[in-house]
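# A closer look at the structure
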Amino acid sequence: KMDYTRDPCPWRILDDCGGAYCLGFIGGGLFSMVGGARNAPKGIGNRLLGAMANARIKTPRTAGSFGVWGLTFSLCDCSLVALRRKEDPWNSIMSGAGTGFILAIRQGMAPAIGSAAIGGVLLALIEGVGIAINRFQADMYKPVAPQFEEQQIPTGGIQNLQ
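Residues numbered from 1 in each chain as written. Predicted model: local features only at pLDDT ≥ 70, side-chain atom pairs only at ≥ 80, totals over all residues. Heavy atoms only, no water.

Labelled according to an unreviewed UniProt entry, the protein chain appears under the name Mitochondrial import inner membrane translocase subunit TIM17, originating from Ciona savignyi. The Subcellular location (unreviewed entry) field of the UniProt record for the protein chain holds the comment "Mitochondrion inner membrane". Comment text from UniProt for the protein chain, heading Function (unreviewed entry), reads "Essential component of the TIM23 complex, a complex that mediates the translocation of transit peptide-containing proteins across the mitochondrial inner membrane." (UniProt positions renumbered as here; feature names shortened; annotations may be inferred.)

Within the structure shown, the criterion is met by one disulfide. With its sulfur 2.3 Å from that of its partner, Cys9 forms a disulfide with Cys78. Across the S-S bond linking Cys9 and Cys78, the dihedral sits near -100°, which makes this disulfide left-handed. Separated by 69 residues along the polypeptide, Cys9 in helix H1 (residues 9-39) and Cys78 in helix H2 (residues 44-84) bring together distant segments of the chain. Note on accessibility: Cys9 and Cys78 belong to one class, buried. (Disulfide = S-S within 2.5 Å. Helix = DSSP H or I, 4+ residues; strand = E, 2+ residues; numbered from the N terminus. Buried < 20%, exposed > 50% of the residue type's maximum accessible area, 1.4 Å probe, protein only.)

Moving on, we get to the pattern of salt bridges. The tally for this structure, following the rule as stated, stands at three salt bridges. Arg12 is the salt-bridge partner of Glu87, the closest N and O atoms lying 3.0 Å from each other. Here the residue Glu87 occupies a position in the loop between H2 and helix H3 (89-104), and Arg12 occupies one in helix H1, the gap between them amounting to 75 residues. Overall, the relative accessible area of 18% leaves Glu87 in the buried class. Under the relative-accessibility criterion, Arg12 is labelled buried at 3%. Here Arg84 makes a salt bridge to Asp88, at a shortest N to O gap of 2.7 Å. Linked through salt bridges whose partners overlap, the residues forming this network are Arg12, Asp77 and Glu87. (Salt bridge = Lys/Arg side-chain N within 4 Å of Asp/Glu carboxyl O.)

Between H1 and H2, the least distance of the axes is 5 Å, while the angle of their chain directions is 155°. Considering the angle they form, H1 stands roughly antiparallel to H2. Viewed along their axes, H1 and H2 form a crossing whose handedness is right-handed. The class makeup of the residues in the contact of H1 with H2 is 17 nonpolar, 14 polar and six charged. (Axes fitted to C-alpha atoms, helices over the stretch in contact; angles between N-to-C directions. Parallel < 35°, antiparallel > 145°, perpendicular 65-115°, else oblique. Left-handed = near helix turned anticlockwise from the far one by under 90°. Nonpolar A, V, L, I, M, F, W, Y, C, P; charged D, E, K, R; others polar.)

Moving on to the packing of aromatic side chains. In total, this model carries two aromatic pairs according to the counting rule given. Look at Tyr21 and Phe25: their rings are 6.3 Å apart centre to centre, the planes differ by 20°, and that puts the pair in the stacked class. Linking Tyr21 with Phe25, this pair stays in helix H1, spanning four residues, or about one helical turn. Take Tyr21: its relative accessible area is 36%, and that puts it in the partly exposed class. (Phe/Tyr/Trp six-rings, centres within 6.5 Å; stacked < 30°, edge-to-face > 60°.)

Glancing now at the domain arrangement of the protein chain. Each assigned domain of the protein chain is listed with its residue range as follows: domain 1 (1-87) and domain 2 (88-141). Each of domain 1 and domain 2 has a C-alpha centre, and the two are 18 Å apart. A buried area of about 980 Å², summed over both sides, lies between domain 1 and domain 2, and 66% of it is on carbon and sulfur atoms. Our count for the contact surface shared by domain 1 and domain 2 stands at one salt bridge. Where domain 1 touches domain 2, the interface holds five residue pairs in polar contact (both at pLDDT 80 or more). Each residue belonging to the side of domain 1 that touches domain 2 can be placed in one class, and the counts come to six nonpolar, one polar and four charged. (Domains from an automatic or database assignment. Buried area = accessible area lost by both parts, 1.4 Å probe. Polar contact = N/O pair within 3.5 Å; in protein donor to acceptor, adjacent residues only side chain to side chain.)

The structure is reproduced here in structure tokens:
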């Protein structure tokens with residue numbers, strides 16, 4: 001079953017890489033600002049300067065790391081789509097494992113295998129939750145036949161109450 005809501009693979013790679021970079025930039029910037037403000041000396045001015053200085057230093061590295069992860073994941077995903085000729089949750093799960101392996105291979109084979117296992121399990125959880133939500137929503141909009149209640153018609157009026 002093809003997913004027609006996504007761009008074709010050459011454009012998907014750029015889209016995923018850019019989206020991951022932006023996510024890392026915004027999230028990493030906010031996280032770095034909080035850390036910089038907490039570690040700054042007392043005073044609102046010092047806290048603002050500390051937050052901005054910390055974000056300026058750490059945000060590009062976080063954004064770049066997210067971008068590399070998105071690029072590697074998307075390359076693995078598009079490669080699996082081309083090899084398997086179908087788009088299904090297994091592509092994402094295997095792409096998560098492949099991305100974990102590729103990004104950790106510099107530390108050696110054992111850490112790369114561990115990172116691949118963690119990446120595959122995380123993507124399996126994400127895909128599983130997505131499938132469960134889709135099934136729940138599909139059941140919500142399934143047509144249901146109306147059920148009519150039979151009306152009780154009293155016979156005899158007040159005498160039947162005794």
